[in-house]
Structure formats: C-alpha cells, structure tokens
Amino acid sequence: MNTNLEYYKIFYYVGKLKSISLAAEALSVSQPAVSQAVRNLERELGSSLFMRTSKGVRLTAEGEVLYSYVQRGYETIRQGEKKFLEMQDLESGEICIGASDMTLQFYLLEHLERFHETYPKIKVTIRNAPTPETIRLLGEGQIDFGIVSTPFVLEKNLHQTPVRRIEDIFVAGEKFAYMQGGRLSYKELEKMPLMCLEGNTSTRKYVEAFLKENQVKISPEFELPTSDMLIQFAKRGLGVASVVADFAAEAIASGELFQLVFNKPIPCREFCIVTNDRVPLTAAASKMLAML
C-alpha cells in the first residue's frame, strides 16, 4: 500500500477537531477537498473512518485505532519540525569544538564568552586535546571544527584559516639571572637544564625542528603536560622553560621570570581554525565560525 501521506494529515485534523469544516479551516483548504481526501483514504483502506453526527463527525472503531497511531506519528513530526526550526533560529542546538589548553586560553575563550552571551541556549562542548589529536577528531567527524596551532599536516578534505600569530620563547627565573642582558647562542641550550612540553604537541615539535636546523640537540630534564606547569617549574628555578610567550607574559611583567634573548628569534607561527568538508555544520556551528 502506498497511501498519500497528505490523506493522513487531513485525517489527523478531522479526527482531532471532529469536524470537516474546522479541519478545512485549519488546513486552509476547501471543505470538499477535505471530504474527498477522507473518502480516498477510506477507499484505499477499505473501511469507514468517520460517522456523521449532529455536531460534526466522530471516529469509527477502526478509525479510533488508526487515529491513535497517526496522532503519535504526526505530532512527533511536528515536534521534530519545531526542534529543527529552533536550531535554525539558534534557540537550541549544540557545538563540539576541539582545542588545546593554549588555543582555548589565548584565543577561543573570549569568543566563547561573547557567543554564549548572544546565544545562551546553545550547548558548547570542548574536546581538550593537543593539535594532532584535535585534527584526528576532526577527520573522524567527532567535532564540528578545531582551533589548533601550527605546524600540522592536514588531509585533503580538511582546511585551515589562520587567525592569530604566536611566538615561542625561553624563560627562566632568578636563579638564572646571570643570563640576562646579553644575546645567547641556541647552542648554549645544550648545557642548560631545559624544560619542555611532552613530545606529542605541535609546540614541542616546532621548537625542536627549529633548534635542529641550527645544529642544536636538546635533552630536556623535565617534560611536562601543560605550559602552566612549565611556568611554575621555571618560577621555582628548576630550569629554563620553552613556552609560548602568552603563557609567560604575566610572570615576565611581574619580574618573576625573564625572557632569554638569543642571536635570532624563533619564527612566529599561528593559531588556525580547521574545518572538514565532509562534516555538515549545524546553524549554531556556522554562526560560531562566523564570529571567529
């Protein structure tokens, strides 16, 4: 059986309102069109669905059974339409973003605050992970988009948009004050107690690649999971820390740490938004990207 679904919609309204005329008014169609649709459905099903009364119509026993199912189905569809429109109007919805501690703290957070003030009913989930993991999650469609730091390698269906420049520096505390004021050679890092992020981060890979180009091989005494920990270790004089400048700005301003000056700076790199052509964006995710 391949019954026209429009017949069931009309049947629903007649059954709900118990009136051909009221159903026609609700559907903005003529009464004869409603009556014809009901007759067509009865013919296709092979049974009467309504009985006429002095006040309109009422369902037959078979019509009552059919109506109980059609009512649930049609009202579920209407509820789905309502939720869909709410998502389109940003009255509901969800966004999942991949970001590292660094990109979250120094780029994404201020935009999230503004987005939440504008669209408070949108749920935002952050998948906190280093750049390689964020790119993997994006490739698998587990996040809507990611905020990552260069360097990285993207598959052909992934795209990047640079949004902010960042700088890698080395910092130390009072214990190493004797190194202030002059220009150092990166070769001197080989003799220093060095502290770096763990190996599976874009920051660690970038700094190591730069040093390798300058014939410098490092063997860190401490490998830590976060840049905040590196700053705390440096404040306590446990070594020279390799960090992105933003993390050390406050400690440098207060005099707790100082930046080591070398004969040439490490070239700046970038925060980038990465997206996946194969992941269709919701209205909420599209709006968030537009704000970014």
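As the structure is a computational prediction, the values presented were derived from the model and not from experiment.

Caption draft 1: Spotlight on the overall build of the protein. Regarding its fold elements, the protein presents 10 helices and 12 strands. Here the protein has a C-alpha radius of gyration of 32 Å; the compact-globule value for 292 residues is 19 Å, and the former is much larger. Across its three principal axes, the protein shows a C-alpha extent of roughly 105 × 35 × 25 Å. Taking all 292 residues of the protein together, 44% fall into the buried category. Counting only contacts in the protein whose residues sit at least 6 apart along the sequence, the fraction spanning at least 24 positions is 75%. Accessible area for the protein stands at about 16,200 Å²; split by element, carbon and sulfur atoms hold 50% of it. Each charge class in the protein was averaged separately, 34 positive and 36 negative side chains, and the resulting centres sit 5 Å apart.

Caption draft 2: Representation of the packing of aromatic side chains within the structure. This structure, assessed with the given rule, holds 13 aromatic pairs. Taken together, a centroid distance of 4.6 Å and an interplanar angle of 40 degrees make the contact between tyrosine 12 and tyrosine 74 tilted. Residue tyrosine 12 is found in helix 1 (residues 5-17), and its partner tyrosine 74 is found in helix 4 (residues 61-88); the two are separated by 62 residues along the sequence. As far as burial versus exposure is concerned, tyrosine 12 and tyrosine 74 are alike and both buried. Where tyrosine 186 meets phenylalanine 210, the ring centres are 5.2 Å apart and the plane angle is 80 degrees; that geometry is what we call edge-to-face. Of this pair, tyrosine 186 sits in the loop between strand 7 (168-172) and strand 8 (194-197) while phenylalanine 210 sits in helix 7 (residues 202-213); the two residues are 24 residues apart in sequence, bridging distant segments of the chain. Judged by its relative accessible area of 8%, phenylalanine 210 falls in the buried class.

Thresholds applied
Residues numbered from 1 in each chain as written. Predicted model: local features only at pLDDT ≥ 70, side-chain atom pairs only at ≥ 80, totals over all residues. Heavy atoms only, no water. Helix = DSSP H or I, 4+ residues; strand = E, 2+ residues; numbered from the N terminus. Rg over C-alpha atoms; globule rule 2.2 N^0.38 Å. Buried < 20%, exposed > 50% of the residue type's maximum accessible area, 1.4 Å probe, protein only. Contact = heavy atoms within 4.5 Å. Areas by Shrake-Rupley, 256 points an atom, 1.4 Å probe, with all protein chains shown as cover. Lys, Arg positive; Asp, Glu negative; His and termini not counted. Charge placed at Lys NZ, Arg CZ, Asp CG, Glu CD. Phe/Tyr/Trp six-rings, centres within 6.5 Å; stacked < 30°, edge-to-face > 60°.

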